[in-house]
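Observations on the three-dimensional arrangement
Spelled out, the chains give:
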Amino acid sequence: MKATSATPSTSAPVAHNALPPPSATSNARSSRIAPHSHIKGLGLTSDGLAAPDGAGFIGQTNAREACGVVVDLVKSRKFSGRALLLVGAPGTGKTALALAVSHELGNKVPFCPMVGSEVYSTEVKKTEVLAESFRRAIGLRIKETKEVYEGEVTELTPAEAENPLSGYGKTVSHVIVGLKTVKGTKQLRLDPTIYEAILKEKIVVGDVIYVEANTGAVKRVGRSDAYASSYDLESETYVPLPKGDVHKRKELVQDVTLGDLDAANARPQGGQDIMSVMGSLVKSGRTEVTDKLRREVNKVVKGYVDQGVAEVVPGVVFIDEVHMLDIECFTYLNALLESPMAPTVILATNRGNALVRGTTDVVSPHGVPVDLLDRCLIVKTDGYNREQIGKVVQLRANVEGLKLGPGVLERIAEEGERGSMRYALQLLTPASILAGLSGRNQIEVEDIGEMNELFLDAKTSATNIGADGGFDGGKMW
Ligand SMILES: Nc1ncnc2c1ncn2[C@@H]1O[C@H](COP(=O)(O)OP(=O)(O)O)[C@@H](O)[C@H]1O
Ligand SMILES: [Mg+2]
């Protein structure tokens with residue numbers, strides 16, 4: 001790698017391959033974001049006012065405008081050392097607001113959600129969990145010009161040879177890959193380890209790929225658009241046939257977080273492939289990232305930034321159920337807020353006055369100690385009416401590609417008004433399964449009716465059990 005060779009010779013644990021392989025960067029948390037995929041931003045006008053609905057957000061205008069002010073403060077660097085605290089009932093859009101703030105801060109800004117109770121683990125210190133989340137919320141955009149072979153795969157032939165070690169089996173001795181661009185074609189003879197990488201990336205003829213000349217790392221860019229099909233919805237990305245020569249210099253942009261860098265350097269540097277990463281995870285349990293290592297990573301990062309090859313992208317750390325943190329964590333949080341490279345911190349809770357965890361007698365608003373509250377801008381989220389719930393349900397149905405028959409929207413909105421926004425949204429998927437079972441591709445009112453026979457919303461469920469004395473009241477057994 002060109003960039004690293006210029007940094008002062010590899011000091012202690014941060015080895016020359018300080019960057020994690022792209023495949024190892026975390027996307028485990030993306031599943032928490034999926035239910036909010038219809039939210040594209042806060043939907044504010046240029047003068048900071050919220051339209052009744054915009055950018056996928058329905059209603060909640062006061063909170064959206066307040067969050068818009070926070071975005072402005074962050075952008076003008078006047079929000080350091082502070083935090084945004086969202087308070088409101090479950091399902092009123094607190095998580096959605098936090099995500100919208102991160103969208104407003106820029107494209108590809110890291111968003112690191114966590115839940116307060118995640119800090120309680122037997123393996124890792126509480127404060128360590130918080131520190132890690134903060135590191136995961138700081139992105140690094142690395143631009144490097146690398147020598148690559150890029151093109152559409154026209155041929156992929158592994159060549160086999162007798163295995164000299166076992167009399168019977170055969171091994172791959174090399175692999176022939178044909179690459180095509182607008183300008184020409186080239187045949188490459190590649191090492192068998194690269195063939196393994198090709199298999200893992202599930203590359204087939206017709207994909208556009210590039211192979212880094214120095215490291216042999218293979219990356220699949222997408223499918224060549226000559227193969228584009230006519231489906232309306234597809235997970236495949238189609239890319240045009242690359243221009244220029246197959247062998248060329250290409251500017252590659254990689255987005256990683258400081259957390260990724262810490263983790264990649266904490267575990268022994270095995271191969272670059274995912275299996276060795278998995279292997280080291282299984283062997284050593286959760287790897288410990290020390291403060292020393294973090295400082296080393298910071299030093300390398302600073303080197304990158306000074307040379308202009310990388311850019312720091314501060315993101316958002318979102319701590320849901322913040323009342324679950326204890327006094328030790330809150331104190332540490334204060335310290336983290338003060339640190340020079342802190343991301344934007346958004347906290348959320350649905351508690352009113354509560355005991356601060358880890359103390360015996362300190363009751364404070366939202367279960368958050370006053371010294372931290374002092375640093376917070378507090379924004380309240382309101383409940384929704386039937387019409388607003390209906391609009392959000394319609395948005396979700398569009399995103400999930402579900403068709404709603406006549407009267408269904410009204411019916412779900414009604415359920416949502418009795419239960420909550422989240423309950424209403426959660427009816428969609430099972431109802432679509434019921435519709436599928438009856439051989440329809442459209443959800444009808446009867447599906448919702450059947451859902452109500454099968455499942456209960458929380459309020460109904462609680463009253464049922466209250467009435468006959470509860471599960472341990474004797475009647476049930
Ligand atoms: N005003 C809104 N506009 C659009 N979608 C919303 C709105 N409020 C909530 N949602 C959606 O409703 C669901 C529940 O909201 P969520 O943000 O998880 O609530 P909370 O975090 O307050 O419990 C999510 O799928 C969210 O995207
Ligand atoms: Mg939430």
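Below, the structure is looked at part by part. Bear in mind that the values here come from a model prediction, so they are computed numbers and not experimental data.

Analysis parameters
Residues numbered from 1 in each chain as written. Chains lettered and ligands numbered in written order. Predicted model: local features only at pLDDT ≥ 70, side-chain atom pairs only at ≥ 80, totals over all residues. Heavy atoms only, no water. Helix = DSSP H or I, 4+ residues; strand = E, 2+ residues; numbered from the N terminus. Buried < 20%, exposed > 50% of the residue type's maximum accessible area, 1.4 Å probe, protein only. Areas by Shrake-Rupley, 256 points an atom, 1.4 Å probe, with all protein chains shown as cover. Axes fitted to C-alpha atoms, helices over the stretch in contact; angles between N-to-C directions. Left-handed = near helix turned anticlockwise from the far one by under 90°. Contact = heavy atoms within 4.5 Å. Nonpolar A, V, L, I, M, F, W, Y, C, P; charged D, E, K, R; others polar. Pairing = 2+ DSSP bridges. Core = buried A, V, L, I, M, F, W, Y, C linked by side-chain atoms within 4.5 Å. Parallel < 35°, antiparallel > 145°, perpendicular 65-115°, else oblique.

1. Considering the overall build of the chain
Broken down by element type, the chain carries 15 helices and 19 strands. Every one of the 477 residues in the chain was classed for burial, and the buried ones make up 43%. Total accessible area on the chain stands at roughly 24,900 Å², and carbon and sulfur atoms take up 54% of it.

2. Details of the environment of M114
Locating M114 in the fold gives a position in strand β4 (residues 111–115). Looking at M114, the relative accessible area reads 1%, which means it is buried. Taking C-alpha positions, M114 is 9.5 Å from V129, a pair spaced 15 residues apart along the chain.

3. Details of the packing of helix α11 (residues 386–400) against helix α13 (residues 421–437)
Between two packed helices, what matters for the description is the angle formed by their axes and the separation of those axes. For the pair α11 and α13, interaxial distance at closest approach is 10 Å and the crossing angle is 35°. At the point where α11 passes α13, the crossing takes the right-handed sense. Facing α11, whose interface residues are I389, V392, V393, R396, A397 and E400, α13 presents M421, A424, L425, L428 and T429. When grouped by side-chain class, the residues that make up the contact of α11 with α13 number eight nonpolar, one polar and two charged.

4. So, the sheet that holds strand β13 (residues 316–320)
Read from one edge of the open sheet, five strands run β4-β13-β14-β3-β17, paired in parallel fashion. Each edge of the open sheet is held by one strand with a lone partner, namely β4 and β17 (376–380). For this sheet, the mean inter-axis angle between neighbouring strands, taken without regard to orientation, is 20°. Sheet topology places strand β3 (residues 83–87) next to β17; five bridges connect them, and they run parallel. Across the sheet, L86 pairs through a bridge with V379, a residue of β17. The strands touched by helix α2 (residues 61–75) are β3, β14 (344–349) and β17; relative to β17, the strand with the most contacts, the crossing angle is about 155°.

5. Notes on the nonpolar core
Membership of the largest hydrophobic core comes to 27 residues, with the highest contact counts inside it found for L130, I319, V322, L325, F330, L333 and L347. Considering each element in turn, this core owes the most residues, five residues, to helix α9 (residues 327–338). The residues contacting L347, other than those within four sequence positions of it, are A83, L84, L85, L86, I319, V322, L333, L372 and C376. Of all hydrophobic cores here, the second largest spans 26 residues; its members include V70, A98, L105 and A348.

6. Remarks on the packing of helix α4 (residues 126–136) against helix α8 (residues 291–307)
Two elements in contact, α4 and α8, have axes whose closest approach is 13 Å; the angle formed by their N-to-C orientations is 10°. Judged by the angle between their axes, α4 and α8 are roughly parallel. Touching E128, A131, E132 and R135 of α4 are R294, V297 and N298, all from α8. Of the residues contributing to the contact of α4 with α8, the split by class is two nonpolar, one polar and four charged.

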